[in-house]
Structures are given as structure tokens and as C-alpha cells.
Amino acid sequence: HNMQRCVFVVPRPEAFADPENEISDLEDAAALAARAADAAKDDEALAAAAKKAKGALLRCLQGRAAEVKGEVRDVLLARGIENFSMKPVKRSYCFERGDIPRGAQYVLKVKYPALAAPLPSDLRGAHFVCALGTQTGMLEHLMVKSRVMGP
């Protein structure tokens with residue numbers, strides 16, 4: 001009952017376009033604060049600063065992803081899925097599909113209960129290119145999450 005489906009929704013490139021380098025500046029600040037906090041494990045002020053920097057980056061990303069999130073929310077609710085969470089995460093894509101930009105980019109990670117039916121593999125929208133991982137089996141997901149190795 002606790003298993004979750006995990007789908008990555010790839011937004012259109014303009015969703016996280018960064019002409020003023022706002023996202024990259026926030027990423028750099030968050031990484032710098034995290035390194036400083038890791039170096040001084042006992043320093044509560046540095047840990048709080050790292051958390052604040054990461055929160056600022058996440059707020060910026062959530063604002064940029066608002067249209068994509070709204071559209072995905074509508075798709076999920078139309079399919080009777082009311083219990084879900086969405087969060088922008090950075091992932092790299094390097095496979096054969098031409099409609100998905102290669103390299104590291106922000107995508108929307110959508111988690112919802114495994115008891116709900118999987119989303120269609122050809123899902124598209126006005127604000128997103130596609131959804132990846134819609135047809136992933138629960139056993140495969142469990143094995144990847146558990147880092148099970150071997151044949």
C-alpha cells in the first residue's frame with residue numbers, strides 16, 4: 001500500500017528558461033552553502049544558511065513550474081488520482097528521443113499511489129513535452145529504489 005509510482009514530466013524548454021541566470025545563480029549559492037555546511041558539521045548557522053539557500057532555489061523552481069504543475073494536476077484529477085506530490089528535480093536525459101533535450105535539465109517529479117492506474121505512455125500537454133516512466137512496473141521500481149544488483 002505504500003508503493004508509489006514515480007513519473008518524470010519533461011516541461012517545454014521555456015518553462016525553466018534562464019536568460020537572467022537566476023536559477024544558475026541560486027544553484028551556485030545553494031551548492032556553496034551546502035559545501036560550507038558539510039565542512040563545518042557542528043555549525044548550526046551554516047546549516048541554516050544552506051537550508052535557506054536550497055529553499056530559495058526550490059521556491060524559484062516551483063514558481064517557474066506553476067503552469068506545468070497545474071496542467072499535470074488537472075490530468076491526474078481527471079483520472080481520479082487525488083493523492084500526489086510534484087517537485088522540480090534536475091535530471092539528465094541521453095536516449096534516442098529527439099523531442100527531449102539532451103543533458104541536465106529540470107523536470108517535474110510526480111509521485112502518486114501505485115494502486116492508481118498508470119498514466120498513458122503518449123501523454124503530452126500544452127506545457128510539457130512528455131512523461132517518462134509511466135509504464136514502469138512496480139517490481140522494477142522497487143528493485144531500482146532498493147539498489148538490488150546482479151542478474
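Residues numbered from 1 in each chain as written. Predicted model: local features only at pLDDT ≥ 70, side-chain atom pairs only at ≥ 80, totals over all residues. Heavy atoms only, no water.

A.B. asks: Looking at this structure, I do not really get the sheet that holds strand 3 (residues 103-113). What am I missing?
C.D. replies: If you trace the four strands from one edge of the open sheet to the other, you get 2-3-1-4, paired in antiparallel fashion. Of all the strands in the sheet, just strand 2 (85-93) and strand 4 (128-132) have a single pairing partner and so form its edges. With direction set aside, neighbouring strand axes in the sheet form an average angle of 35°. Here strand 2 pairs with strand 3 via nine bridges, running antiparallel. Across the sheet, the residue bridging to Val 89 is Val 107, located in strand 3. (Pairing = 2+ DSSP bridges. Helix = DSSP H or I, 4+ residues; strand = E, 2+ residues; numbered from the N terminus. Axes fitted to C-alpha atoms, helices over the stretch in contact; angles between N-to-C directions.)

A.B. asks: Could you clarify how one ought to interpret the pattern of salt bridges in this entry?
C.D. replies: Where side chains of opposite charge bring their charged atoms close, a pairing between them can arise. Under the definition given, this model contains two salt bridges. Note that Glu 27 is salt-bridged to Lys 90, the shortest N-O span being 3.0 Å. Taken together, the positions of Glu 27 in helix 1 (residues 22-39) and Lys 90 in strand 2 put the pair 63 residues apart, joining distant regions of the chain. Overall, the relative accessible area of 40% leaves Lys 90 in the partly exposed class. (Salt bridge = Lys/Arg side-chain N within 4 Å of Asp/Glu carboxyl O. Buried < 20%, exposed > 50% of the residue type's maximum accessible area, 1.4 Å probe, protein only.)

A.B. asks: Is there a simple way to explain the packing of aromatic side chains in this structure?
C.D. replies: Geometrically, a pair of aromatic rings is defined through the distance of the ring centres and the angle of the planes. Per the stated rule, a full pass over the model turns up one aromatic pair. Geometrically, the ring pair formed by Phe 16 and Tyr 106 is tilted, given 5.6 Å between the ring centres and 45° between the ring planes. Of this pair, Phe 16 sits in the loop between strand 1 (4-11) and helix 1 while Tyr 106 is found in strand 3, placing the two residues 90 residues apart along the sequence. Residue Phe 16 shares its accessibility class with Tyr 106, and that shared class is buried. (Phe/Tyr/Trp six-rings, centres within 6.5 Å; stacked < 30°, edge-to-face > 60°.)

A.B. asks: Any chance you could explain empty space enclosed by the protein here in plain terms?
C.D. replies: Across all of its chains, the model carries one cavity of 30 Å³ or more by this definition. Here the largest cavity is characterised by a volume of approximately 30 Å³. In terms of lining residues, the largest cavity is bounded by Val 9, Val 72, Val 75, Leu 119, Leu 123 and Phe 128. For the lining of the largest cavity, a count of residues per class yields six nonpolar, no polar and no charged. (1 Å grid on protein atoms, 1.4 Å probe; cavity = no way out; pocket = protein on both sides within 12 Å on 5 of 7 lines; lining within 4 Å. Points joined across faces, edges and corners; volume = space filled by probe spheres on them. Nonpolar A, V, L, I, M, F, W, Y, C, P; charged D, E, K, R; others polar.)

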